[in-house]
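A look at the structure
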Amino acid sequence: MSSISASSLAGSLLRQEVLDLHAYHVPDSSGCIKLDAMENPYLLPPVLRDEIAEAVAAAAINRYPDPGAASLKEKIRGLTGLPQGMDVLLGNGSDELIQLLAMAVNKPGATLLSVEPSFVMYRMIATFTGMRYVGVPLATGSGAENFSLDLPATLAAIEREQPALVFLAYPNNPTGNLFSADAVAQLIEAAPGLVVVDEAYYAFASDSFIPRLARYPNLLVMRTFSKLGMAGLRLGFLAGSTAWLEQLEKLRLPYNVGVLPQLVAEKLLGHHEVLQQQAEQIKQDRDKLYRQLGEIAAVRVYPSEANFLLFRIANATAVFDGLKQRGVLIKNLNGGHPMLKDCLRVTVGTPDQNMKFIAALQETLTQLA
Ligand SMILES: *Cc1c(COP(=O)(O)O)cnc(C)c1O
């Protein structure tokens with residue numbers, strides 16, 4: 001054994017799907033205004049930070065966490081306004097829940113279907129759990145139909161592929177738009193398997209499928225607190241009927257949400273109005289940033305119900321680099337999905353950060369002209 005290198009051993013031992021995967025790339029952001037990852041830019045009020053510090057100091061971190069996270073779940077149920085007979089299952093971020101769902105339905109040959117471009121983890125997780133993956137392109141066009149669901153094509157794909165699991169991000173990432181609720185409802189009705197409506201951006205959106213949970217036996221709604229100011233805590237949940245959740249609970253690792261995330265999230269949700277107010281501010285600033293981007297002739301900006309904006313600009317990669325040189329990190333989507341050619345995505349920051357982003361963009365465009 002000692003004569004073999006670790007890399008040749010890994011090459012022969014690991015599954016081909018794993019060897020073929022590209023690791024999820026997180027760029028170095030040190031010293032930058034960070035507008036690349038849909039984080040909430042605000043810190044908590046000092047009083048609340050003191051309250052958290054005190055609770056953390058008293059926490060029993062020598063003990064395993066409450067495996068059922070009873071009091072945190074109670075708080076989430078209350079705030080979410082779940083319909084009768086519905087419950088929640090907690091995940092270490094919602095990414096973990098995507099993985100858990102894939103593992104749960106992954107019979108030989110089972111298919112995971114989503115639309116494209118959408119959240120890249122659907123495809124990645126399908127790949128590394130060994131599921132078949134089908135991505136149905138979104139509609140293109142010059143107006144509001146751009147990046148909307150292509151309903152006939154998606155219905156046909158559901159009929160043809162019989163997916164065990166369908167993911168629809170509502171609003172969609174990275175495009176920012178909210179699909180037509182009526183079209184989503186038609187897909188749920190047509191799907192033979194589970195449909196998960198991923199509401200990662202619910203705090204910034206005008207609609208939700210939570211009130212419709214009771215209507216569809218194959219619907220689950222997934223949410224995360226990451227975009228609401230708790231990205232560092234790693235906490236997401238699935239909402240749905242207890243019949244589903246009881247089964248899925250069996251796959252959840254017993255201590256997937258640690259003592260500190262449970263405790264801090266519960267404290268924060270106890271001051272939900274603070275987070276809600278930050279989200280309101282972000283929505284207002286998003287609309288302002290949308291108008292400002294729209295006034296720049298070289299930019300085509302797309303409507304958003306999330307905390308980020310997608311825009312198209314010639315020489316997107318050069319613009320991205322120019323912004324980075326000026327200390328502003330956003331997300332370059334050029335070179336990924338063909339429909340995202342020359343697209344960049346900017347997370348809404350504080351008013352000051354947004355102003356610096358616009359200034360850096362204008363400087364970059366002047367330099368490139
Ligand atoms: C950010 C994001 C998630 C993942 O959130 P975590 O809870 O931080 O893992 C899930 N779905 C979509 C669409 C997202 O944009």
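If you're wondering where the values come from, they're calculated on a predicted model, not measured in any experiment.

1. Things to note about the overall build of the chain
The helix and strand tally for the chain stands at 13 helices and 13 strands. Computed over its C-alpha atoms, the radius of gyration of the chain comes to 21 Å, within 12% of the 21 Å expected for a compact globule of 369 residues. Projecting the C-alpha coordinates of the chain onto the three principal axes gives extents of approximately 60 × 60 × 55 Å. Expressed as a percentage of its 369 residues, the buried residues of the chain come to 50%. Once local pairs closer than 6 in sequence are excluded, the contacts in the chain between residues at least 24 apart make up 72%. Carbon and sulfur atoms make up 55% of the accessible area of the chain, which amounts to about 17200 Å² in all.

2. Notes on the sheet that holds strand S12 (residues 331–332)
Read across the open sheet, the four strands follow the order S9-S10-S13-S12; overall the sheet is antiparallel. Taken across any chain shown, the strands that pair with only one partner, and hence form the sheet edges, are strand S9 (299–301) and S12.

3. Details of helix H13 (residues 351–368)
If you check H13, its first and last C-alpha atoms are 26 Å apart, about what 18 residues at 1.5 Å a residue would give, namely 26 Å. Asn354, Phe357, Ile358, Ala360, Leu361, Thr364 and Leu365 are the residues of H13 that are buried. Buried residues of H13, viewed axially, fall in a sector of 165 degrees; they line one side. Along H13, exposed side chains directed more than 90 degrees from the buried face belong to Met355, Thr366 and Gln367. Structurally, H13 contributes buried residues whose contacts are with helix H11 (272–294), S9, strand S10 (308–313), helix H12 (316–325), strand S11 (328–329) and strand S13 (343–347).

4. Remarks on empty space enclosed by the protein
Following the criterion strictly, the structure yields one cavity of 30 Å³ or more and no others. Looking at the lining of the largest cavity residue by residue, the class counts come to seven nonpolar, three polar and four charged.

5. Focus on the environment of leucine 248
Its location among the elements puts leucine 248 in helix H9 (residues 242–249). For leucine 248, a relative accessible area of 4% translates into the label buried. Setting aside anything within four residues of it in sequence, one finds leucine 248 in contact with Leu89, Leu100, Leu101, Ala104, Leu220 and Leu238.

6. Some thoughts on the site of the ligand
Not every one of the 13 residues close to the ligand is listed here, only the nearest: Asp198, Tyr201, Thr224, Ser226 and Lys227. At 2.9 Å from an oxygen atom of the ligand is found a side-chain nitrogen or oxygen belonging to asparagine 173. Here an oxygen atom of the ligand and a side-chain polar atom of lysine 227 are 3.2 Å apart. In isolation the ligand has 390 Å² of accessible area, and contact with the protein removes 93% of it.

7. Topic: the packing of aromatic side chains
Overall, the coordinates contain eight aromatic pairs when judged by the stated rule. Joined through ring pairs, the aromatic side chains of Phe119, Tyr122 and Phe167 make up one cluster. Just above the ring of tyrosine 202 sits the side chain of arginine 223; from NZ or CZ to the centre is 4.0 Å. A cation over a ring is seen here: arginine 345 above phenylalanine 308, with NZ or CZ 5.8 Å from the ring centre.

8. Details of the environment of threonine 364
Mapped onto the secondary structure, threonine 364 falls in helix H13. Taking relative accessible area as the criterion, threonine 364 reaches 0% and is therefore assigned buried. Sequence-wise, threonine 364 and phenylalanine 237 are 127 residues apart; in three dimensions their C-alpha atoms are separated by 41 Å. If we skip the residues at most four places from it in the chain, threonine 364 touches Ala318, Val319, Gly322, Leu323 and Arg326.

9. Description of the pattern of salt bridges
Inspection of every chain in the model, using the stated rule, returns 18 salt bridges. A salt bridge links glutamate 363 to arginine 326, with the nearest nitrogen and oxygen atoms 2.9 Å apart. Of this pair, glutamate 363 sits in helix H13 while arginine 326 sits in the loop between H12 and S11, and the two are 37 residues apart along the sequence. Residue classification places glutamate 363 among the partly exposed positions, given a relative accessible area of 45%.

10. Thoughts on unusual backbone geometry
Cis geometry marks the peptide bond from tyrosine 170 to proline 171; its omega dihedral reads 0 degrees. Along the polypeptide, proline 171 turns up in the loop between strand S5 (165–169) and helix H8 (181–190). The omega torsion of the bond from asparagine 173 to proline 174 falls at 15 degrees, within 30 degrees of zero and hence cis. Within the element layout of this structure, proline 174 appears in the loop between S5 and H8. In this structure, phenylalanine 147 takes a positive phi of about 65 degrees despite not being glycine. As for its position among the elements, phenylalanine 147 is in the loop between strand S4 (132–137) and helix H7 (151–161).

11. Examining the nonpolar core
The biggest cluster of nonpolar side chains holds 92 residues, and the ones touching the most others in it are Leu293, Phe311, Ile330, Phe357 and Leu361. Of all hydrophobic cores here, the second largest spans 27 residues; its members include Leu112, Phe119, Ile125 and Met222.

12. Let's talk about the domain arrangement of the chain
Annotation of the chain at the domain level lists domain 1 (14–43 + 273–368) and domain 2 (60–270). Here domain 1 and domain 2 have C-alpha centroids that lie 24 Å from each other. Between domain 1 and domain 2, the buried area comes to about 2600 Å², and carbon and sulfur atoms account for 65% of it. Here domain 1 and domain 2 share zero salt bridges between them. Remark: the boundary between domain 1 and domain 2 carries six residue pairs in polar contact (both at pLDDT 80 or more). Among the elements of the structure, H11 and S10 are those that each provide at least two residues to the side of domain 1 that touches domain 2. If one sorts the elements of the side of domain 1 that touches domain 2 by residue count, H11 sits on top with six residues. Taken together, the residues that form the side of domain 1 that touches domain 2 break down as 14 nonpolar, five polar and ten charged.

Each value, and the rule that gives it
- Residues numbered from 1 in each chain as written.
- Predicted model: local features only at pLDDT ≥ 70, side-chain atom pairs only at ≥ 80, totals over all residues.
- Heavy atoms only, no water.
- Helix = DSSP H or I, 4+ residues; strand = E, 2+ residues; numbered from the N terminus.
- Rg over C-alpha atoms; globule rule 2.2 N^0.38 Å.
- Buried < 20%, exposed > 50% of the residue type's maximum accessible area, 1.4 Å probe, protein only.
- Contact = heavy atoms within 4.5 Å.
- Areas by Shrake-Rupley, 256 points an atom, 1.4 Å probe, with all protein chains shown as cover.
- Pairing = 2+ DSSP bridges.
- Expected span 1.5 Å × (residues − 1).
- Arc of directions from axis to C-beta.
- 1 Å grid on protein atoms, 1.4 Å probe; cavity = no way out; pocket = protein on both sides within 12 Å on 5 of 7 lines; lining within 4 Å.
- Points joined across faces, edges and corners; volume = space filled by probe spheres on them.
- Nonpolar A, V, L, I, M, F, W, Y, C, P; charged D, E, K, R; others polar.
- Near = heavy atom within 4 Å.
- Polar contact = N/O pair within 3.5 Å; in protein donor to acceptor, adjacent residues only side chain to side chain.
- Phe/Tyr/Trp six-rings, centres within 6.5 Å; stacked < 30°, edge-to-face > 60°.
- Lys NZ or Arg CZ within 6 Å of the ring centre and 35° of its normal.
- Salt bridge = Lys/Arg side-chain N within 4 Å of Asp/Glu carboxyl O.
- Core = buried A, V, L, I, M, F, W, Y, C linked by side-chain atoms within 4.5 Å.
- Domains from an automatic or database assignment.
- Buried area = accessible area lost by both parts, 1.4 Å probe.

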